[in-house]
2 protein chains.
Amino acid sequence: MTRASPRPNLAIGAYRHLKRDIIRGAYTPGEKLRMSDLKTRYDLGVGPMREALSQLVSERLVTAVSQRGYRVAEMSIKELEDLYDARAQLEGLVLELAIARGGDDWEAQILAKAHALSKVLEVHSADDMLDIWDARHQAFHGAIAAGCDSPHLLQTRAWLFDQAERYRHLWLCQTVFSAEALDAKRREHAALTDAILARDAATACTMMREHLMTPVPIIKEVLREQGLV
Amino acid sequence: MTRASPRPNLAIGAYRHLKRDIIRGAYTPGEKLRMSDLKTRYDLGVGPMREALSQLVSERLVTAVSQRGYRVAEMSIKELEDLYDARAQLEGLVLELAIARGGDDWEAQILAKAHALSKVLEVHSADDMLDIWDARHQAFHGAIAAGCDSPHLLQTRAWLFDQAERYRHLWLCQTVFSAEALDAKRREHAALTDAILARDAATACTMMREHLMTPVPIIKEVLREQGLV
DNA sequence: CGGCTTAAAAATATCTACATTTTTATAAAA
DNA sequence: TTTTATAAAAATGTAGATATTTTTAAGCCG
């Protein structure tokens with residue numbers, strides 16, 4: 001008899017909640033995270049709160065200075081550019097390996113997820129639309145990456161993804177609510193799928209890197225508009 | 001007036017100490033880390049100890065199950081192979097970018113570090129020898145990687161490095177105390193340096209990937225000998 | 001009168017000790 | 001041998017004590 005999920009402790013809950021809030025932009029970059037405020041906001045003691053913050057420091061979403069508390073990590077154009085470049089390069093590598101290593105099941109999964117993504121047309125509420133499209137979009141790219149068959153490379157990919165998610169969220173809001181942008185993405189995904197299934201590594205990797213870099217100018221603009229940098 | 005390093009709090013000290021102990025093999029993989037033991041061993045309260053453990057969980061050196069405490073992460077042949085493969089692939093990518101992006105200063109630094117590494121011949125005590133050779137070896141590879149000019153790729157590289165360090169430590173002990181092994185490494189490093197300075201990306205990347213994979217069979221053997229798997 | 005230093009006060013972060021809950025080990029009974 | 005009841009051990013959470021930083025205000029010199 002195995003208990004799949006022993007009741008998670010408060011620190012884990014706080015970690016998830018706080019991480020989500022940071023990613024969704026509930027705090028402004030660089031904002032001070034006062035213990036007393038956090039305690040009341042998340043209705044917790046200092047112990048669990050500190051644990052959650054420690055983990056977020058490890059993930060670089062929060063910065064800490066000894067005896068001077070915690071702050072939400074800063075955002076910057078410079079970081080945005082490097083982060084997306086790193087992601088694009090890594091994704092290119094992962095895709096190259098996936099094309100070399102992936103089997104029939106890998107191909108099938110890509111087709112399945114691509115199909116699911118292309119069908120997000122039904123009418124949904126705005127928030128639902130964002131969540132559903134994003135979930136399927138991630139599933140599609142995840143299916144592609146999975147072919148590299150390396151837990152540690154995938155872990156690394158997930159780690160960079162988390163780092164980028166605050167920026168990415170800004171882009172999502174711009175893209176999901178624009179029929180035009182969505183359509184452009186649909187075409188990119190279709191072309192990418194074709195190149196991958198044709199096992200054309202050179203073309204596919206180049207397309208993937210470019211695909212991942214397209215959000216950068218859009219995010220830059222939003223960052224400036226919203227005065228986040 | 002800036003205080004470069006405000007006195008670090010106890011959690012940071014505990015984190016460093018515990019991490020070092022895990023990497024150096026002071027605990028056996030999978031060993032339970034009891035709070036009461038840790039408290040006495042590191043002479044600390046539970047608060048700081050928990051913070052340190054939380055960070056190590058983020059870094060996957062420790063595993064946690066809610067309400068059932070912490071354990072040193074397991075080691076396995078499977079993980080060893082994936083970890084080193086991931087590292088080799090990433091290092092290949094980083095090197096490719098470095099050759100494309102690195103400038104004169106990058107080349108100079110590589111030569112400097114390569115020279116320092118090749119000169120570790122003077123007689124040292126055994127422990128000194130290990131520390132000095134390792135430090136210079138890391139500096140050499142670090143100088144090469146730095147050329148990719150991407151903080152996030154380098155961060156990612158450092159993260160995989162940390163993951164591998166427990167395995168790597170086993171290899172170091174085998175290599176540093178063998179004049180023959182050291183000499184083989186010296187030749188590999190020299191050839192690598194030549195290919196890099198010649199900006200021969202294809203050759204250099206292949207050599208780098210192979211260079212990083214050479215420890216794997218040695219570590220496998222040690223793991224089996226010491227019954228760690 | 002204004003800028004600078006110094007000193008007290010408030011706010012904040014950090015740590016320890018204790019209380020509570022949950023898990024694990026032990027022993028008795030079926 | 002398996003199951004169940006009990007006791008011990010361990011993890012988790014809270015509250016209060018301590019140390020550090022930041023703010024505020026007063027004093028001093030130019």
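What you see is a predicted model; the values in this text were computed from it and never measured.

What counts and how
Sequence order as written defines the numbering, with residues in each chain counted from 1. All chains are assigned letters beginning with A, and all ligands numbers beginning with 1, in the order in which they are written. In view of the model being predicted, local features appear only for residues whose pLDDT reaches at least 70, and side-chain atom pairs are presented and counted only at 80 or more, with totals across whole chains, interfaces and linings using the full set of residues. For side-chain calculations, the full set of non-hydrogen atoms in the structure is used, while hydrogens and water are omitted. In what follows, salt bridge is the name for a side-chain nitrogen of Lys or Arg lying within 4 Å of a carboxyl oxygen of Asp or Glu. Note on conventions: DSSP H or I runs of at least 4 residues are helices, E runs of at least 2 residues are strands, and numbering of each starts at the N terminus. Accessibility here uses a 1.4 Å probe with only protein chains present; expressed as a share of the type maximum, an area under 20% marks a residue as buried, one over 50% as exposed, and anything in between as partly exposed. In these notes, residues near a molecule or strand are those with any non-hydrogen atom within 4 Å of it. Contacts described as polar in this section are N or O atom pairs within 3.5 Å, which, within protein, must combine one atom able to donate a hydrogen with one able to accept it, while residues neighboring in sequence count only if both atoms come from side chains. When residues are grouped by polarity, Ala, Val, Leu, Ile, Met, Phe, Trp, Tyr, Cys and Pro land in nonpolar, Asp, Glu, Lys and Arg in charged, and all others, Gly among them, in polar. Only centres within 6.5 Å qualify two rings of Phe, Tyr or Trp (six-membered ring in Trp) as a pair; their planes then separate them into stacked at under 30 degrees, edge-to-face at over 60, and tilted for everything else. Note on criteria: charge over ring means Lys NZ or Arg CZ within 6 Å of the ring centre, with the direction from the centre no more than 35 degrees off the ring normal. Note on contacts: a residue pair is in contact if any heavy atoms of the two residues lie within 4.5 Å. A cavity, in this analysis, means grid points on a 1 Å lattice covering only the protein atoms where a 1.4 Å probe fits yet has no way out; a pocket is instead an open set bounded by protein on both sides within 12 Å along at least five of seven lines, and a residue lines either one if it has an atom within 4 Å of a point. Grid points are joined across faces, edges and corners, and a volume is the space filled by probe spheres set on the points. All domain edges in this entry derive from an automatic or database-based domain assignment. Two parts placed together each lose some accessible area under a 1.4 Å probe, and the buried area is that loss summed for both.

Chemist: Before we go on, may I ask you to explain the pattern of salt bridges in this structure?
Modeler: Opposite charge on two side chains permits them to pair, given that their charged atoms come into close proximity. Residue and element names in this part refer to chain A. All chains considered together, the criterion is met by 26 salt bridges over all chains. Taking the shortest distance from any N to any O, the salt bridge between Arg 168 and Asp 134 comes out at 2.6 Å. Remark: Asp 134 occurs in helix α6 (residues 126-146) and Arg 168 occurs in helix α7 (residues 151-176); sequence separation between them is 34 residues. We classify Asp 134 as buried; its relative accessible area is 11%.

Chemist: Is there a simple way to explain the protein's contact with DNA strand C in this structure?
Modeler: Taken together, 18 residues are adjacent to DNA strand C, and Lys 32, Arg 50 and Gln 67 of chain A together with Leu 10 and Arg 68 of chain B come closest. Protein-proximal atoms of DNA strand C, defined as those within 4 Å of the protein, fall in sugar or phosphate at a share of 94%. Side-chain polar atom of Lys 32 of chain A to a phosphate oxygen of DNA strand C: 2.9 Å apart, as the coordinates give it. Between a phosphate oxygen of DNA strand C and a main-chain N or O atom of Leu 10 of chain B, the distance comes to 2.6 Å. When contributions to the surface near DNA strand C are tallied by element, the ones reaching two or more residues are β1 (32-33) and α3 (46-58) of chain A. Tallied by class, the residues present in the surface near DNA strand C amount to five nonpolar, seven polar and six charged.

Chemist: Explanation requested: the packing of aromatic side chains in the structure shown.
Modeler: All chains considered together, the criterion is met by three aromatic pairs over all chains. On the numbers, 6.4 Å between centres and 10° between planes, the contact of Trp 159 of chain A with Trp 159 of chain B is stacked. Taken together, the positions of Trp 159 of chain A in helix α7 and Trp 159 of chain B in helix α7 (residues 151-176) put the pair across two chains. Given a relative accessible area of 11%, Trp 159 of chain A falls into the buried group. Its end group placed over the ring of Tyr 84 of chain A, Arg 87 of chain A keeps NZ or CZ at 4.9 Å from the ring centre.

Chemist: What should I look at first to understand the interface of chain A and chain B in this one?
Modeler: The accessible area lost on association of the parts is a frequent measure of interface size. Contact with chain A, which involves 37 residues of that partner, is made by 38 residues of chain B. The interface formed by chain A and chain B includes four salt bridges. The interface formed by chain A and chain B includes 16 residue pairs in polar contact (both at pLDDT 80 or more). For the side of chain A that touches chain B, the secondary structure elements donating two or more residues are α3, α4 (77-101) and α7 of chain A. Residues belonging to the side of chain A that touches chain B are distributed by class as follows: 13 nonpolar, twelve polar and twelve charged.

Chemist: Is there a simple way to explain empty space enclosed by the protein in this structure?
Modeler: The gaps left among the atoms become clear once a water-sized probe is rolled over them. All names here are of chain B. Under the defined criterion, the tally for this structure stands at one cavity of 30 Å³ or more. Taken as a whole, the largest cavity spans an internal volume of roughly 40 Å³. As for the largest cavity, its lining consists of Arg 60, Leu 61, Glu 79, Gln 163, Arg 166 and Tyr 167. If you tally residues by element for the lining of the largest cavity, the top one is α7, at three residues. Among the residues forming the lining of the largest cavity, the class breakdown is two nonpolar, one polar and three charged.

Chemist: Would you mind going over the domain arrangement of chain A with me for this structure?
Modeler: Residue and element names in this part refer to chain A. Along its sequence, chain A is carved into domain 1 (10-72) and domain 2 (77-225). Facing the nine residues of domain 1 at the interface are seven residues of domain 2. Counting the surface lost from both domain 1 and domain 2, the interface buries some 760 Å², and carbon and sulfur atoms represent 49% of this. Interface area lost by domain 1 to domain 2 is led by Ile 23, Arg 24 and Leu 61, which between them contribute 56%. At the junction of domain 1 with domain 2, the criterion picks out one salt bridge. For Asp 162, the salt bridge identified is with Lys 19, shortest N-O distance 2.8 Å. Counting the contacts that link domain 1 with domain 2 gives two residue pairs in polar contact (both at pLDDT 80 or more).

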